[in-house]
Every structure is written in structure tokens, then in C-alpha cells.
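Now for the letters of each chain:
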Amino acid sequence: MERIYLDNAATTKTSEEVVQAMLPYFTEYYGNASTVYAFGEKSKEAITQARDIVAGALGAKSEEIYFTAGGSESDNWALKATAEAYKQKGNHIITTKIEHHAILHTCEWLERQGFEVTYLDVDENGTVRLEELEQAIRPTTILISIMFANNEIGTIEPVAEIGAIARKHGVLFHTDAVQAFGQVPINVDELNIDMLSGSGHKLNGPKGIGFLYIRKGVKIRSLIHGGAQERKRRAGTENVPGIVGFGKAVELAVQTMEERTARERSLRDRLIERLETEIPYTKVNGDRINRLPNNVNVCFRFIEGESMLIMLDMKGICASSGSACTSGSLDPSHVLLAIGLPHEIAHGSLRLTLGADTTQEQVDFVVDTLKEIVDHLRSMSPLYEDFVKKQK
Amino acid sequence: MYSEKVMDHFQNPRNVGEIENASGVGTVGNAKCGDIMRIYLDIDDDGIIRDCKFKTFGCGAAVATSSMATELVMGKSVQEALQVTNKAVMEALDGLPPVKVHCSLLAEEGIHAALWDYAEKKGIKIEGLEKPKNDISEGLEEEDY
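It should be emphasised that the depicted structure is a prediction, and the values quoted were computed from it without experimental measurement. (Residues numbered from 1 in each chain as written. Chains lettered and ligands numbered in written order. Predicted model: local features only at pLDDT ≥ 70, side-chain atom pairs only at ≥ 80, totals over all residues. Heavy atoms only, no water.)

Another point: the overall build of chain A. Broken down by element type, chain A carries 15 helices and 12 strands. For chain A, whose C-alpha radius of gyration is 22 Å, the value lies close to the compact-globule estimate of 21 Å for 392 residues. In terms of principal-axis extent, the alpha carbons of chain A reach across some 80 × 50 × 35 Å. Residue burial in chain A is summarised as follows: out of 392 residues, 60% are buried. Considering only contacts in chain A between residues 6 or more positions apart, those separated by 24 or more positions represent 72%. Roughly 15900 Å² of accessible area belongs to chain A as shown, and the carbon and sulfur atoms make up 50% of that amount. Computing the positive centroid from 43 side-chain charges and the negative centroid from 54, chain A places the two 4 Å apart. (Helix = DSSP H or I, 4+ residues; strand = E, 2+ residues; numbered from the N terminus. Rg over C-alpha atoms; globule rule 2.2 N^0.38 Å. Buried < 20%, exposed > 50% of the residue type's maximum accessible area, 1.4 Å probe, protein only. Contact = heavy atoms within 4.5 Å. Areas by Shrake-Rupley, 256 points an atom, 1.4 Å probe, with all protein chains shown as cover. Lys, Arg positive; Asp, Glu negative; His and termini not counted. Charge placed at Lys NZ, Arg CZ, Asp CG, Glu CD.)

All names here are of chain A. With respect to the helices and strands, Arg234 occurs in the loop between α8 (229-232) and α9 (240-278). A distance of 2.6 Å separates polar atoms of two side chains, one belonging to Arg234 and the other to Glu73. With residues up to four places along the chain from it excluded, the contact list for Arg234 reads Phe67, Thr68, Ala69, Glu73, Trp77, Ile224 and Gln229. (Polar contact = N/O pair within 3.5 Å; in protein donor to acceptor, adjacent residues only side chain to side chain.)

By size, the foremost hydrophobic cluster in this structure holds 69 residues, and its most contacted members are Leu275(A), Phe300(A), Leu350(A), Leu352(A), Leu370(A) and Leu115(B). Those residues in contact with Leu370(A) that sit more than four places away from it in its chain are Leu275(A), Ile279(A), Phe300(A), Met308(A), Leu312(A), Leu350(A) and Leu352(A). Ala33(A), Leu58(A), Ile186(A) and Leu191(A) belong to the second-largest nonpolar core, a separate cluster that totals 63 residues. (Core = buried A, V, L, I, M, F, W, Y, C linked by side-chain atoms within 4.5 Å.)

Here we come to the packing of helix α10 (residues 305-314) of chain A against helix α2 (residues 60-73) of chain B. α2(B) packs onto α10(A) with a crossing angle of 90 degrees between their chain directions and a minimal axis gap of 7 Å. Relative to α2(B), the element α10(A) lies roughly perpendicular. Here α10(A) contributes Glu306(A), Ser307(A) and Ile310(A) to the contact with α2(B), which in turn contributes Gly60(B), Ala61(B) and Val63(B). (Axes fitted to C-alpha atoms, helices over the stretch in contact; angles between N-to-C directions. Parallel < 35°, antiparallel > 145°, perpendicular 65-115°, else oblique.)

Residue and element names in this part refer to chain A. With the rule as written, the count across this model stands at 31 salt bridges over all chains. The salt bridge partner of Asp194 is Arg167, with a shortest N-O separation of 3.4 Å. Here Asp194, found in the loop between β6 (172-176) and β7 (195-199), pairs with Arg167, found in helix α7 (residues 159-168); they are 27 residues apart in sequence, far enough to count as distant. Shared partners join several salt bridges into a network, and the residues in it are Arg270, Arg274, Glu278, Asp364, Asp368 and Lys371. (Salt bridge = Lys/Arg side-chain N within 4 Å of Asp/Glu carboxyl O.)

Written out as C-alpha cells, the structure is:
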């Protein structure tokens with residue numbers, strides 16, 4: 001059975017070129033970059049080169065890029081370090097209800113340390129309302145952290161406008177760009193971004209590597225204390241193969257962005273259109289225009305997500321859902337609830353995220369398979385039974 | 001994640017459907033938490049369950065426990081059916097992951113709710129049967145992360 005992988009927002013396949021670029025740094029050039037001898041210099045050069053690539057992709061300076069162990073660390077670092085460094089100025093942070101848990105749970109932790117956090121609502125498409133953001137700013141606000149694009153519903157936030165508001169009020173702006181980096185062009189200066197989190201494994205790079213962009217001049221404190229790596233800001237022997245692989249992945253993502261995302265957009269739109277027209281009682285979640293090129297998120301009413309995922313899996317299709325049963329709690333996804341979906345509809349959500357390898361045949365097979373699965377699950381659903389009886 | 005038995009009952013659920021003019025129908029669960037189970041019972045004059053069907057909105061475990069519960073009560077007397085506990089359903093399925101134990105409670109409650117409906121329709125009292133909770137999620141604490 002062919003595997004159809006449509007969960008690229010969860011993680012991606014490390015591309016062959018990335019793996020090839022990394023391999024020499026395991027067995028050949030394994031020297032520690034912090035050493036004096038020439039052998040360690042090879043590692044240092046490789047890190048510099050990767051840093052230049054990442055910085056170039058964002059319109060940033062190389063010394064503004066700090067490698068981390070991934071997106072979650074970058075998010076934790078941005079929030080905790082800013083809170084600490086700017087606590088003399090104030091104790092208020094603004095974020096949204098639809099952030100990744102790496103932001104939300106860090107904010108909850110900061111609240112326990114005495115910080116105040118405003119969690120902005122979003123509209124029915126998952127977009128932040130700019131006037132609410134501006135109204136939420138207080139004299140004590142030290143940071144606005146709003147994601148670039150949402151990982152579940154794919155909505156791209158009005159980052160330029162958010163950056164302008166932050167700048168106007170003299171508040172730092174951090175964005176979690178883990179899903180957007182490599183999918184949409186980002187320029188930190190044009191968008192007034194002060195800090196930005198990125199991750200390697202979402203763009204066909206390796207897992208366990210990420211970065212935090214920190215604009216020059218922003219006060220920063222360390223999260224990981226120890227050695228003098230990363231300009232004394234992030235201790236720990238550099239993950240050289242990871243950094244090299246990340247650099248290569250970013251290089252490829254930038255090179256292929258236009259063509260790849262155009263292709264993904266067209267497949268995405270085909271998928272959405274077919275699901276909407278061929279499966280009744282289907283709702284598309286997220287903004288239809290300001291949307292990640294590879295994200296499809298729909299709710300099929302009267303059925304539950306986990307059952308759907310198991311049945312898709314039996315056909316070789318990897319997907320994800322925001323149902324309670326996949327979140328490990330009794331509540332469905334906080335993002336779907338924040339866009340105003342009732343619980344029972346949120347439980348029937350399905351996210352399909354395309355990749356560079358996704359084909360039209362795969363997309364069509366998934367639609368055909370889903371039609372059968374949704375039919376089958378609805379035939380067993382008491383909610384559907386009640387609905388049909390009411391219609392009569 | 002699931003045992004072979006659970007997967008079998010999920011893939012090939014037994015006794016899916018409705019019974020017209022059923023002796024008793026019970027609906028339990030809560031769409032908010034993502035599980036709703038409806039059990040139909042056809043009970044003859046001797047108090048024997050002649051047919052049992054279900055419809056379930058829920059995860060793989062919810063479907064499998066409904067399916068297994070209908071199998072376990074089929075052909076049993078009302079009193080025997082009352083003894084089919086969530087533990088019995090779980091054991092018959094070779095166990096459930098800890099986060100899914102509440103699904104087996106749903107199955108037990110579903111049977112009880114259908115029996116309660118039957119008793120009310122018949123105007124009888126079933127020894128040992130208490131009015132089932134409509135919402136099985138009551139009292140379940142959300143895990144703290």
C-alpha cells in the first residue's frame with residue numbers, strides 16, 4: 001500500500017540533499033567548533049555558512065540568528081528572556097488564543113511568575129483584530145507575540161500591520177513563524193519583527209534544530225546557561241550536522257518557494273473545492289485567501305475526528321485532527337474553539353497538509369476515500385440520525 | 001495504540017443500526033466531549049434481550065466498546081445485562097488505553113439508559129438499576145498539563 005503523507009505541518013521528510021549535506025559532519029568533520037585546532041574550524045565554517053543562509057532568507061544580519069534545539073525552545077526563550085530583561089519596564093504581554101502550546105503554556109507559566117497576559121480573540125477565520133490589539137496595549141506592555149501563520153487552520157496573520165502597531169507603541173514584536181518560514185516570503189525589517197522563531201523539520205530539514213532571530217539592540221537573557229556558544233546567548237555544543245542540514249533546507253526552500261508553493265496552492269484549492277462540493281455538511285476552516293499554501297482544514301459534521309484518522313490510516317493516508325481524542329484531553333482544539341466552532345463540530349475536524357511530493361492523484365484518492373469514510377461514519381452517528389429525522 | 005480486538009470491532013462493528021419501536025432506547029454521552037452513544041434494545045415478554053443495536057458518534061474506542069457491549073448483552077436477561085460492566089467490556093476487548101477508559105463507561109451507561117427507558121415504558125422497576133446519568137463526562141477531571 002502506498003503511503004500518502006498529508007501531515008507536513010506536523011513534520012516533513014528530511015530531503016535527500018539535506019541528509020547528504022549533513023553526513024560529513026557526523027563522521028568526517030566532527031570537531032567541536034569551539035576548539036583552537038584547525039580541525040574544529042571546519043565545523044565553525046559550516047555553522048557560519050548556515051547562519052548566513054538563514055539570515056539571508058529573512059533579510060536579517062547573521063549575528064541576529066541564534067540556533068536552538070527547535071521551535072519550542074525558541075518560543076520559550078523569546079518569551080521568558082524578554083519578560084526577564086524588560087520587567088523593569090512592565091509586566092504585560094499580549095498574545096492570541098490560537099498560538100501554539102509552546103507560546104500558550106509559556107505564557108501561563110509567566111502568569112504564575114506574576115506577569116499579566118492578554119490572550120486576544122480572533123475572528124471566525126482565525127485572524128487577529130488589529131483594533132483589539134491596539135486597544136490591549138498598556139504602558140506596561142513589553143511584548144506582543146503573535147504567530148505568523150496558524151499551524152492548524154493555516155491562516156496567515158496580518159504581520160506587517162501588527163509589526164507597525166508594535167513599532168508605533170514602542171513594544172517588542174515576536175512572531176512564531178514555525179509554520180510560515182519557507183512557505184511565504186518573510187523580511188524582518190519590512191515587517192518590523194523584533195524576534196522570530198523557526199524550526200528545521202517543518203521545511204524538509206532535520207528535527208531538533210531551530211533558531212531564534214533577535215533584532216540587534218533587543219535586550220536578551222539566556223535560557224540555556226553554560227558555555228559561550230551563540231555569542232554567549234545559548235550554551236551547548238553546537239548541533240553541527242543539524243545546523244548544516246537546516247542551512248541546506250532553508251537554501252532549498254528559498255530557491256524553490258515560488259514554484260513549489262504555486263503547485264501546492266493549486267492542489268490545496270482542488271482538494272478544498274472537491275471536499276466542499278462532494279461531501280455535504282463540510283465546513284472549511286481558516287482564511288481562504290490569507291492561507292498557508294499547503295494547508296487544508298475542514299470539519300465534517302456529525303462525525304468524530306479520531307475515527308476518521310484511523311480509517312484514513314488503514315488506507316495509508318496520514319492526516320491529523322483537532323478532536324479531543326487526538327489532543328489527549330476532553331476538549332477539542334483550542335484553535336477551532338477560538339474561531340467559534342461548537343464543540344461537536346470541532347470534534348469532526350481534519351487537517352491535510354501537503355508537501356513538495358504530493359501529487360494530484362494522491363489528492364484525488366484522498367477525496368474519494370474520504371467520501372466513503374464520512375458516509376460510513378455518518379451511517380453510525382446518532383447525531384446524523386437525529387439530523388436526518390429533523391429534516392423530514 | 002489499540003488492541004487487535006478493538007481494531008476489529010472498530011473496523012467491523014457488530015449490530016450497528018436502529019430498531020424501530022424498540023423496547024428501550026438510551027442515549028448517553030456529550031457532544032462537547034466528542035462521544036455520544038445510542039443503544040436500542042428489543043426485549044421479549046420473558047425479559048430476554050432479543051436484539052440490540054447501536055449508533056455512536058465518537059473515537060475508535062467509543063465505536064468498539066459500543067459494538068462489544070451490544071454483543072455482550074444479546075440474548076441475555078435484563079438482570080444479566082445489568083451485570084455487564086465497563087470492566088467486562090474492556091476485558092472482552094483485551095483492554096483499552098488509559099485515556100479511553102471513559103468510553104467503556106459510556107457503553108455501560110448506554111445499556112443502563114436503554115434498560116431504564118424499557119422499565120419506564122413498561123412501568124416496572126428493575127432491581128439494582130439506578131437512573132443513569134445523561135452526561136458521563138460529569139465528574140471527569142481534565143488532565144492538567
